[in-house]
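So the chains spell out like this:
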Amino acid sequence: MISPSGLLLKGPGIVIPVFFLSLLHATTAGQVLCHGAGSAAQGGAFVCLQDPMCVVQNQAGLGFLEQSSVSIQHARPFLLKDLGISSLSGQFRTGKGALGIAASTLGLKGLSQSSLWLACGLRFHPHISAGVGLHLWSTSTRDQFFHAPGLGFTLGLQVKFRKTWMLGARLSHPFAWSRHPFAFQNTMGLQCGFARSIFNVGQLYAQVQVQPGDPIILCSGARWKLNRQIAFRAGIQSGPPCFTWGIQLRFRKCLLELSGMYRSDTGLSPISALSYEW
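These figures come from a predicted structure and were not determined experimentally.

Novice: Any chance you could break down the layout of surface pockets for me, citing the residues and the numbers?
Specialist: There is about 1200 Å³ of room inside the largest pocket. In terms of lining residues, the largest pocket is bounded by 35 residues, among which Gln 50, Glu 66, Gln 203, Tyr 205 and Arg 223 are the most central. For the lining of the largest pocket, the secondary structure elements donating two or more residues are β7 (165–174), β8 (189–198), β9 (202–210), β10 (217–225), β11 (230–237) and β12 (242–251). Per-class residue counts for the lining of the largest pocket are 12 nonpolar, 12 polar and 11 charged.

So, in structure tokens, the structure goes:
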């Protein structure tokens, strides 16, 4: 095992990035930096979404997907050039549901977490969908790729009613917590929320997130569709205050999303995504 001081000394100038990295992962589940450009732009509210990142967000959304997709995403947390989050995902419709797979990497050179998501969503009723996901991850150091591997699962549910309302919930839980000094801590989390469609051109989202030992986080956002090609998103999140925004551009079967998150304590984090749907 590599000692904390040994890791820091092997990379000059890594102390500050490691501080931001620990801060990033402590709030990843709340701030949803690596969950998708769409949800990030609307305050981190994702439990009622059906988009190219359902495989990581709420797997129940896979049951309501209308198209298969592949997507690449990248985030630059706090505008640090040495710190990044990149992901590649695919979601494929199968009858009344869909299967999904996603791979991502979070961190910096010498200290990172690699993740693999496998998910399945099924529509049991025209208005009810449930999903399950398996999350495998490994914290890696400069000298040891499998420094602290882990395994967890997620359960999701989405329910539509009255044509304009949707309820969503997601439970995530690791099978074991790692005690390695530099292991990323994937803890249990519960997210519940609702969405409301307005005049077929807009949606409002609200969500509450609970994690053991952490303050409750409230997320809210909105999406407004200007036309078939352009849509705007904006949102806000508590703990610490976070303001979000984004634009969605559609070019035939391609979807480009550009989002930003501004945290009051750490600054700006841009997020981008490019998806192909069929």
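Novice: Pulling in residues and values, what's your account of the packing of aromatic side chains?
Specialist: Applying the stated criterion across every chain yields a total of five aromatic pairs. Aromatic side chains Trp 224 and Phe 232 sit 6.0 Å apart centroid to centroid with 20° between the ring planes, which places their arrangement in the stacked category. Assessed through its relative accessible area of 32%, Phe 232 is described here as partly exposed. These aromatic residues form a ring-pair network of at least three members: Phe 92, Tyr 276 and Trp 278. For Lys 160, the ring lying beneath its charged end belongs to Phe 64, and the centroid distance is 4.3 Å.

Novice: Account for unusual backbone geometry, naming residues and giving values.
Specialist: Even without being a glycine, Phe 199 presents a positive backbone phi close to 55°. With respect to the secondary-structure elements, Phe 199 resides in the loop between β8 and β9.

Novice: Can you explain the pattern of salt bridges? Please cite residues and give values.
Specialist: Counted by the stated rule, this structure contains three salt bridges. Here Arg 250 ties to Glu 277 by a salt bridge, and the two come within 2.9 Å at their closest N and O atoms. Here Arg 250, found in strand β12, pairs with Glu 277, found in strand β14 (residues 267–277); they are 27 residues apart in sequence, far enough to count as distant. The residue Asp 265 makes a salt bridge to Arg 263 at a minimum N-O spacing of 2.6 Å. Judged by its relative accessible area of 44%, Asp 265 falls in the partly exposed class. Judged by relative accessible area, which is 5%, Arg 263 ranks as buried.

About the cut-offs
Along each chain, residues carry numbers from 1 onward, in the same order as the chain's sequence is written. Totals for whole chains, interfaces and linings use every residue, but because this is a predicted model, local features are given only for residues with pLDDT of at least 70 and side-chain atom pairs only at 80 or more, for both listing and counting. Side-chain metrics rest on all non-hydrogen atoms present in the structure, leaving aside hydrogens and water. Cavities and pockets were defined on a 1 Å grid built over protein atoms only: a cavity is a set of grid points that admits a 1.4 Å probe from which the probe cannot escape, a pocket is an open set flanked by protein on both sides within 12 Å along at least five of seven lines, and lining residues are those with an atom within 4 Å of any such point. Grid points are joined across faces, edges and corners, and a volume is the space filled by probe spheres set on the points. Starting at the N terminus, helices and strands are each numbered in turn, a helix being any DSSP run of H or I of at least four residues and a strand any DSSP run of E of at least two. Each residue receives one of three labels: charged for Asp, Glu, Lys and Arg, nonpolar for Ala, Val, Leu, Ile, Met, Phe, Trp, Tyr, Cys and Pro, and polar for the others, Gly being one of them. Aromatic rings from Phe, Tyr and Trp, with only the six-membered ring used for Trp, were paired whenever their centres fell within 6.5 Å, and each pair was classed as stacked if the ring planes differed by under 30 degrees, edge-to-face if by over 60, and tilted otherwise. Relative accessibility thresholds used throughout: buried, under 20% of the residue-type maximum; exposed, over 50%; partly exposed, between the two (1.4 Å probe, protein chains only). For a Lys NZ or an Arg CZ to count as sitting over a ring, it must be within 6 Å of the ring centre and within 35 degrees of the ring normal. For this document, the term salt bridge refers to a Lys or Arg side-chain nitrogen within 4 Å of an Asp or Glu carboxyl oxygen.

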